[in-house]
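# An overview of the molecular structure
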Amino acid sequence: MIRLDPERIAAAAGAEIVRRGTAAHPERAVTDSRETRPGDLFFALPGEHRDGGEFAARALSAGAWGAVVARRRARELVDTGAGGWVLAATDPLRSLQGLAREWRREIGCPVVGITGSTGKTSVKDICRALLPFRVHASPENYNTEIGLPLAILSAPESPETELIVLEMAMRGMGQIAELSEIAEPDVGAITNVGPVHLELLGTLDAIAEAKAELLKGLRARGRAVVPAEAEALEPHLHERLVTIAFGPGGDVFALDSRVEGAATVALVGTPHGSHEFRFPFTEAYNLTNALAAIAIGVALDASLPEMAARAPEVVFSRLRGELLELRDGVVILNDCYNANPISMHAALEHLAARGAPGRRVAVLGEMAELGPDGPGYHREVGALARELGVAPIVGVGELAQHYAPDEWVPDARAAVPTVHALLEPQDSVLVKGSRSVGLELLSDELAAMRAPRPPREPA
């Protein structure tokens with residue numbers, strides 16, 4: 001419940017109450033009228049093809065607490081006769097963001113913002129499990145100018161929420177600054193800086209500058225968590241920040257690590273001493289993500305033994321390193337939520353290092369938003385795969401032809417019969433590509449077609 005009175009909601013949203021309802025507080029904020037439940041506050045956002053104001057009456061008829069609509073639509077909404085509060089605003093999106101900022105201040109707990117070229121969702125997932133607080137974290141990919149305020153507004157009030165962890169997406173210059181103005185983070189974590197969104201920003205230095213907007217947006221005596229080797233971020237670190245670096249040569253690092261079965265055991269050093277952690281994953285890149293999460297915990301003065309005790313509880317979001325066990329010993333490494341050169345290299349290295357029988361097969365979708373150098377990045381990834389002994393390789397999408405794959409198909413649907421036909425018993429199969437390729441269609445279809453057979457009933 002968003003326990004703010006209507007007048008305060010209107011003030012925070014920069015809106016005018018044009019009709020009063022009866023309920024005191026809204027339950028949650030929504031932007032999709034089809035998902036509206038009784039007690040919700042519906043924000044009628046303008047869309048590319050339709051204006052959300054067209055659906056405000058439907059939301060109110062469904063029992064919404066109220067609706068925030070553009071001023072030009074407020075009167076017609078009042079005249080419909082549907083019950084609930086009606087708030088008129090110049091910009092309903094700004095209203096959503098303003099209310100989220102007010103609710104963040106009302107809860108009053110520390111806020112962590114996480115951005116980076118890769119790994120930000122996994123670091124968020126690890127933080128959710130690892131940090132010894134009542135953590136409210138962004139659901140799924142609620143990391144944009146719409147999703148982030150919805151994530152904040154879904155946080156329970158204090159004391160049920162002791163820490164808010166928010167993922168922040170970046171598609172261009174100024175976006176992280178906008179998200180920081182809403183979230184007012186106390187800790188800003190940058191997982192890494194790599195060749196992602198080059199099509200929009202042009203250079204790695206520009207990408208670093210865009211990511212560093214998070215550091216500029218930190219509150220007084222903010223704490224910055226950054227990779228130790230990220231030289232591109234150095235111009236953006238300054239004395240006002242308390243900086244904690246993770247990774248080799250940093251403040252939080254792995255003194256030693258080993259894989260035991262399906263777990264990674266690591267002795268982690270920090271400024272507060274060292275402790276052994278046991279994580280339920282084997283990927284080296286996820287150990288790096290875990291070091292970032294531990295560094296966030298150090299920034300928050302979290303107990304090292306408490307974090308270590310919670311490490312086995314880490315669960316990742318779907319499509320990020322999922323292990324799908326199919327018939328005949330085939331295993332899919334389902335990492336198809338997104339891809340870029342950094343994450344492709346890490347995933348291929350993990351595939352090659354798997355201690356399992358059978359071939360190492362890669363189904364690689366194209367990597368988007370790499371600009372004019374995109375073909376070159378694809379060639380590098382294809383060359384690395386062959387150097388690591390990964391074969392066969394199936395490329396999916398136009399740019400995937402530059403992997404020089406053994407098989408090429410234009411889209412995920414076409415990949416299904418191709419990949420199904422080439423699978424052999426005991427294969428380990430990496431499925432990875434940019435979100436636009438939609439390779440979850442392939443992994444879902446393969447999981448259904450080659451599901452393990454149930455044990456036979458005794459005769």
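One structure accompanies this document, and this report is about it. (Residues numbered from 1 in each chain as written. Predicted model: local features only at pLDDT ≥ 70, side-chain atom pairs only at ≥ 80, totals over all residues. Heavy atoms only, no water.)

Turning to empty space enclosed by the protein, a few remarks are in order. In the structure shown here, the tally under the stated rule is 1 cavity of 30 Å³ or more. Its volume calculated, the largest cavity comes out at about 50 Å³. Taken together, Glu283, Tyr285, Gly321, Leu323, Leu333, Asp335, Ala347, His350 and Leu430 form the lining of the largest cavity. In the lining of the largest cavity, the residues fall into 5 nonpolar, 2 polar and 2 charged. (1 Å grid on protein atoms, 1.4 Å probe; cavity = no way out; pocket = protein on both sides within 12 Å on 5 of 7 lines; lining within 4 Å. Points joined across faces, edges and corners; volume = space filled by probe spheres on them. Nonpolar A, V, L, I, M, F, W, Y, C, P; charged D, E, K, R; others polar.)

Under the criterion given, the structure shown has 4 aromatic pairs. Aromatic pair Phe281 and Phe316: ring centres 5.9 Å apart, planes at 50°, arrangement tilted. One end of the pair, Phe281, is in the loop between strand 14 (273–279) and helix 11 (284–299); the other, Phe316, is in the loop between helix 12 (304–310) and strand 15 (322–325), and 35 residues separate them in sequence. The exposure class of Phe316 is partly exposed, given its relative accessible area of 21%. In this structure an aromatic cluster arises from ring pairing among Phe277, Phe279, Phe281 and Phe316. (Phe/Tyr/Trp six-rings, centres within 6.5 Å; stacked < 30°, edge-to-face > 60°. Helix = DSSP H or I, 4+ residues; strand = E, 2+ residues; numbered from the N terminus. Buried < 20%, exposed > 50% of the residue type's maximum accessible area, 1.4 Å probe, protein only.)

All right, on to helix 1 (residues 6–13) then. Along helix 1, the positions that sit buried rather than exposed are Pro6, Ile9, Ala10 and Ala13. Buried residues of helix 1 fall within an arc of 95° about the axis and therefore sit on the same side. For helix 1, the elements touching its buried residues are strand 1 (15–19), strand 3 (41–43), strand 5 (85–89) and helix 4 (92–107). Of the residues flanking the start of helix 1, the one acting as N-cap is Asp5, its side-chain oxygen 3.1 Å from the backbone nitrogen of Glu7. Positioned one or two residues after helix 1, Gly14 has a phi angle of 60°, which is positive. (Arc of directions from axis to C-beta. Contact = heavy atoms within 4.5 Å. Polar contact = N/O pair within 3.5 Å; in protein donor to acceptor, adjacent residues only side chain to side chain.)

With that out of the way, let us pick up the layout of surface pockets. Roughly 280 Å³ of volume is contained in the second largest pocket. Surrounding the second largest pocket, 15 residues form its lining, Pro280, Phe281, Glu283, Gly321 and Leu323 being those nearest its centre. Its residues assigned to classes, the lining of the second largest pocket comprises 5 nonpolar, 6 polar and 4 charged.

For the rest of this paragraph, the subject is the sheet that holds strand 8 (residues 163–167). If you walk across this open sheet you meet the 6 strands as 7-8-6-9-10-11, and the pairing is parallel. Only two strands of the sheet have a single partner each, and these edge strands are strand 7 (135–137) and strand 11 (242–246). Averaged over neighbouring strand pairs, the angle between their axes works out to 20° when direction is ignored. The pairing of strand 6 (residues 111–115) with strand 8 spans 4 bridges and is parallel. Residue pairing in the sheet places Val111 in a bridge with Ile164 of strand 8. (Pairing = 2+ DSSP bridges. Axes fitted to C-alpha atoms, helices over the stretch in contact; angles between N-to-C directions.)

Here strand 16 (residues 331–334) shows two buried faces, one formed by Val331 and Leu333 and the other by Ile332 and Asn334. Two successive antiparallel strands, strand 15 and strand 16, enclose a turn made up of 5 residues, where Asp328 displays a positive phi of approximately 65°. As paired elements, strand 16 and strand 20 (residues 428–432) share 4 bridges and run parallel to each other. From the neighbouring strand, Leu333 faces strand 20, where its bridge partner is Leu430.

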